Amino acid sequence: SAVISQKPSRDICQRGTSLTIQCQVDSQVTMMFWYRQQPGQSLTLIATANQGSEATYESGFVIDKFPISRPNLTFSTLTVSNMSPEDSSIYLCSVVGGQGYGYTFGSGTRLTVV
Amino acid sequence: AQSVTQPDIHITVSEGASLELRCNYSYGATPYLFWYVQSPGQGLQLLLKYFSGDTLVQGIKGFEAEFKRSQSSFNLRKPSVHWSDAAEYFCAVIGSSNTGKLIFGQGTTLQVKP
């Protein structure tokens with residue numbers, strides 16, 4: 001399965017600022033996703049990162065708040081904009097491998113907004 | 001709409017005892033099912049997955065799961081639990097075979113008593 005490098009692993013940010021999270025994969029993948037895990041909760045899909053086009057957002061998530069880029073088949077970024085304490089969560093990148101059956105997750109970015 | 005239910009929020013077992021974590025899904029077509037484990041402060045690790053074929057699936061770390069279509073279940077089992085198995089366990093289903101988006105259950109926290 002693919003190996004994912006996600007950066008940063010954790011950060012503490014001031015409210016009103018923005019943080020960009022990077023997801024680098026060691027091989028080309030067909031699909032990339034961004035998930036949020038709020039404290040003590042399960043995972044919720046934020047969006048599907050589409051290569052060369054705008055991301056597809058799930059209900060409750062908007063591009064202005066969570067802009068996503070995917071310039072190629074191995075890299076994506078998620079930005080959490082104008083942060084508030086409610087954005088404190090773990091953000092995880094996930095990919096589906098070339099054969100379609102490898103749903104692999106990055107180690108996550110633990111974000112604390114103060 | 002597709003959904004996943006993990007009825008047990010918290011389970012405690014003694015080390016060496018057997019384990020079964022329950023998962024029920026709601027999905028009209030043939031589901032793609034997954035079990036993930038998340039250790040404290042870590043990302044998600046795939047334990048096993050079911051796409052088709054043999055309904056008893058073997059995974060890593062001695063885990064197995066059985067797909068029962070008649071019961072809409074995909075329960076995770078391990079014959080003898082080790083202290084290192086203490087973690088959060090998530091069952092997930094692909095919401096659509098075309099999108100590849102994972103829908104997660106609420107998670108089950110496993111505590112292992114010495």
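Notes on the structure follow.

Criteria and cut-off values
Residue numbers restart at each chain and count upward from 1, following the sequence in its written direction. The naming scheme follows written order: chains are lettered A onward, ligands numbered 1 onward. Since the coordinates come from a predicted model, pLDDT governs what is reported: local features require at least 70, and pairs of side-chain atoms require 80 or more to be given and counted, while whole-chain, interface and lining totals use all residues. Where side-chain values are given, they derive from all heavy atoms of the structure, hydrogens and water being excluded. Runs of E in the DSSP output that reach at least two residues are strands. Runs of H or I that reach at least four are helices, and both are numbered from the N terminus. Our radius of gyration is a C-alpha quantity, and the globule rule it is checked against amounts to 2.2 Å times the number of residues to the power 0.38. Using a 1.4 Å probe on the protein chains alone, a residue whose accessible area is under 20% of its type maximum counts as buried, one over 50% counts as exposed, and one in between counts as partly exposed. Whether two residues touch is decided by their heavy atoms; if any such pair falls within 4.5 Å, the residues are in contact. Note on definitions: buried area is the accessible-area loss of two parts on being combined, 1.4 Å probe, summed for both. Think of a salt bridge as a Lys or Arg side-chain nitrogen and an Asp or Glu carboxyl oxygen that are within 4 Å of each other. For the purposes of these results, a polar contact is taken to be a pair of N or O atoms within 3.5 Å, where, inside protein, one atom must be able to donate a hydrogen and its partner to accept one; residues adjacent in sequence count only when each atom of the pair is a side-chain atom. Amino acid classes used here: Ala, Val, Leu, Ile, Met, Phe, Trp, Tyr, Cys and Pro are nonpolar; Asp, Glu, Lys and Arg are charged; the rest, including Gly, are polar. In the cavity and pocket records, a cavity denotes points on a 1 Å grid over the protein atoms alone where a 1.4 Å probe fits but cannot get out, a pocket denotes an open set with protein on both sides within 12 Å along at least 5 of 7 lines, and lining residues are residues with an atom within 4 Å of a point. Grid points are joined across faces, edges and corners, and a volume is the space filled by probe spheres set on the points. The set of buried Ala, Val, Leu, Ile, Met, Phe, Trp, Tyr and Cys residues whose side-chain atoms join them within 4.5 Å is what this entry labels a nonpolar core. Pairing between strands is defined by DSSP: at least two bridges between them are needed. Orientation is described by lines fitted to C-alpha atoms, with helices fitted over the stretch in contact, and by angles between N-to-C directions that extend from 0 to 180 degrees.

Structural notes on the overall build of chain A
Then comes step 1: When you go through chain A residue by residue, the secondary structure sums to zero helices and eleven strands.
Then comes step 2: For a compact globule of 114 residues, the expected C-alpha radius of gyration is about 13 Å, and chain A comes in at 13 Å, within 12% of that figure.
Then comes step 3: Expressed along its principal axes, the backbone C-alpha trace of chain A runs to roughly 40 × 25 × 20 Å.
Then comes step 4: When burial is assessed residue by residue, chain A has 49% of its 114 residues classed as buried.

Description of the interface of chain B and chain A
Then comes step 1: Taken together, the contact between chain B and chain A spans 18 residues of the former and 17 residues of the latter.
Then comes step 2: Contact between chain B and chain A buries roughly 1400 Å² in total, counting both sides, with carbon and sulfur atoms accounting for 59%.
Then comes step 3: Broken down residue by residue, the surface that chain B buries against chain A is led by B:Leu44, B:Lys101 and B:Phe104, which jointly contribute 30%.
Then comes step 4: On the surface where chain B and chain A come into contact, there are one salt bridge.
Then comes step 5: Where chain B packs against chain A, one counts five residue pairs in polar contact (both at pLDDT 80 or more).
Then comes step 6: Counting residues per element, the ones that place at least two in the side of chain B that touches chain A are β5 (33–38), β6 (44–50), β10 (87–94) and β11 (102–104) of chain B.
Then comes step 7: If one sorts the elements of the side of chain B that touches chain A by residue count, β5(B) sits on top with three residues.
Then comes step 8: A per-class count over the side of chain B that touches chain A returns eight nonpolar, eight polar and two charged.

Let's talk about the pattern of salt bridges
Residue and element names in this part refer to chain B.
Then comes step 1: Under the defined criterion, the tally for this structure stands at six salt bridges over all chains.
Then comes step 2: In this structure, Glu-64 and Arg-77 form a salt bridge, with 3.1 Å as the shortest nitrogen-oxygen distance. One end of the pair, Glu-64, is in strand β8 (residues 64–68); the other, Arg-77, is in strand β9 (residues 73–78), with 13 residues separating them in the sequence.
Then comes step 3: A relative accessible area of 19% means that Glu-64 is categorised as buried.

Structural notes on empty space enclosed by the protein
Residues and elements named next belong to chain B.
Then comes step 1: Tallied over the entire structure, the rule returns one cavity of 30 Å³ or more.
Then comes step 2: Taken as a whole, the largest cavity encloses approximately 40 Å³ of empty space.
Then comes step 3: As for the largest cavity, its lining consists of Val-37, Ser-39, Lys-61, Ser-84, Asp-85, Ala-87 and Tyr-89.
Then comes step 4: Each residue belonging to the lining of the largest cavity can be placed in one class, and the counts come to three nonpolar, two polar and two charged.

Describing the side chain of B:Asp8
All names here are of chain B.
Then comes step 1: Checked against the element boundaries, Asp-8 lands in the loop between β1 (3–5) and β2 (10–14).
Then comes step 2: Classification of Asp-8 by relative accessible area gives buried; the value is 19%.
Then comes step 3: Here the side chain of Asp-8 touches Arg-22 through a polar contact of 2.9 Å, side chain to side chain.
Then comes step 4: Residue contacts for Asp-8: discarding those within four places in its chain leaves Arg-22, Gly-107 and Thr-108.

Focus on the nonpolar core
Then comes step 1: Ranked by internal contacts, the top residues of the largest apolar core, which has 27 residues, are B:Leu19, B:Trp35, B:Leu47, B:Leu48, B:Phe74, B:Leu76 and B:Tyr89.
Then comes step 2: For this core, the secondary-structure elements that each account for two or more residues are β2, β3 (19–21), β5, β6, β8, β9, β10 and β12 (108–113) of chain B.
Then comes step 3: Once residues within four sequence positions are removed from consideration, B:Tyr89 is found in contact with B:Gln6, B:Leu21, B:Trp35, B:Tyr36, B:Val37, B:Leu47, B:Phe63, B:Leu76, B:Gly107, B:Thr108 and B:Leu110.
Then comes step 4: Core analysis: the next-biggest nonpolar cluster, separate from the first, contains 26 residues, A:Trp34, A:Ala47, A:Ala49 and A:Tyr91 among them.

With respect to the sheet that holds strand β8 (residues 75–80) of chain A
Residue and element names in this part refer to chain A.
Then comes step 1: The antiparallel open sheet is built from four strands, whose spatial order is β1-β3-β8-β7. The open sheet has two edge strands with one neighbour each: β1 (4–7) and β7 (68–72). Across this sheet, the average inter-strand angle for adjacent strands is 15°, counted without regard to direction.
Then comes step 2: Across four bridges, the pairing between β1 and strand β3 (residues 19–25) is antiparallel. What sits directly across from Ile-4, in β3, is Val-25.

In short, shape yes, function no, at least from these values alone.
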